[in-house]
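Listed here are the chains, written in short residue letters.
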Amino acid sequence: MSFTGGKLKLKGGEPLKGSVDKKRKKKKSTALAVVDPDEPPPQQQGDFETLEGQALQQEHEHVDRRTVAERKYDEIQAKRAAEKTKKMALKSHRERVAEFNAHLASLSEHHDIPKVGPG
């Protein structure tokens, strides 16, 4: 087997002193835009501020691409989660522990944990 010498190179993080970084090519714009002084500048998508300092947002319509079955599944999951939180809020921790201990006491000896080892 043949191995190359040297230290392992770790991805990301701080470059080592002796390492060489690759130079990346810069993208050049191929089309130069001619700006008319009479036309208002084009607005960029997203958030921008007006002269008064208020932020304006372009409204993006949210399109739900889920199927009917997926929507029903999500609704049922949300209902179950709400019911579970209501059920958990009704009992305190002390009541839950007491109920669990009563359940364990009602089980037969068959479910007891056997002793293992000499002791």
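The model shown is predicted, which means the values in this text are computed figures rather than measured ones.

Draft legend 1. Main features of the overall build of the chain. From N to C terminus, the chain includes 2 helices and 2 strands. Scanning the chain from its N terminus toward the C terminus, one meets helices and strands in the order β-β-α-α. Burial status across the chain gives 0% buried among its 119 residues. Approximately 13,900 Å² of the chain is accessible, and the part contributed by carbon and sulfur atoms is 56%.

Draft legend 2. Broad picture of the pattern of salt bridges. With the rule as written, the count across this model stands at 4 salt bridges. Between R66 and D64 there is a salt bridge; the shortest N-O distance is 2.9 Å. Judged by relative accessible area, D64 falls into the partly exposed class, the value being 33%. Where R71 meets D64, a salt bridge forms, and the shortest distance between an N and an O atom there is 3.2 Å. Through salt bridges with shared partners, a single ionic network connects D64, R66, R71 and D74.

Draft legend 3. Up close: helix α1 (residues 68-90). Taking 1.5 Å of rise per residue, 23 residues should cover 33 Å, and α1 covers 34 Å from first to last C-alpha, within 8% of that figure. Sparse coverage of α1 is indicated by the burial of 0 of its 23 residues.

Draft legend 4. Representation of the confidence of the model for the chain in the model. Averaged over every residue, the pLDDT of the chain is 76; residues scoring 70 or more account for 64%. By mean pLDDT, the top-scoring element of the chain is α1 (95), and the lowest-scoring one is strand β2 (residues 55-57) (48).

Draft legend 5. Focus on a nonpolar patch on the surface. Judged by side-chain polarity, F100, L104 and L107 come together as a nonpolar surface patch covering roughly 270 Å² of accessible area. Relative to the helices and strands, L107 resides in the segment after α2 (93-106). The class of L107 is partly exposed, set by a relative accessible area of 33%.

Each value, and the rule that gives it
Residues numbered from 1 in each chain as written. Predicted model: local features only at pLDDT ≥ 70, side-chain atom pairs only at ≥ 80, totals over all residues. Heavy atoms only, no water. Helix = DSSP H or I, 4+ residues; strand = E, 2+ residues; numbered from the N terminus. Buried < 20%, exposed > 50% of the residue type's maximum accessible area, 1.4 Å probe, protein only. Areas by Shrake-Rupley, 256 points an atom, 1.4 Å probe, with all protein chains shown as cover. Salt bridge = Lys/Arg side-chain N within 4 Å of Asp/Glu carboxyl O. Expected span 1.5 Å × (residues − 1). pLDDT = per-residue confidence, 0-100. Patch = residues over 30% accessible without salt bridge, like charges linked within 9 Å, V, L, I, M, F, W, Y side chains within 5 Å.

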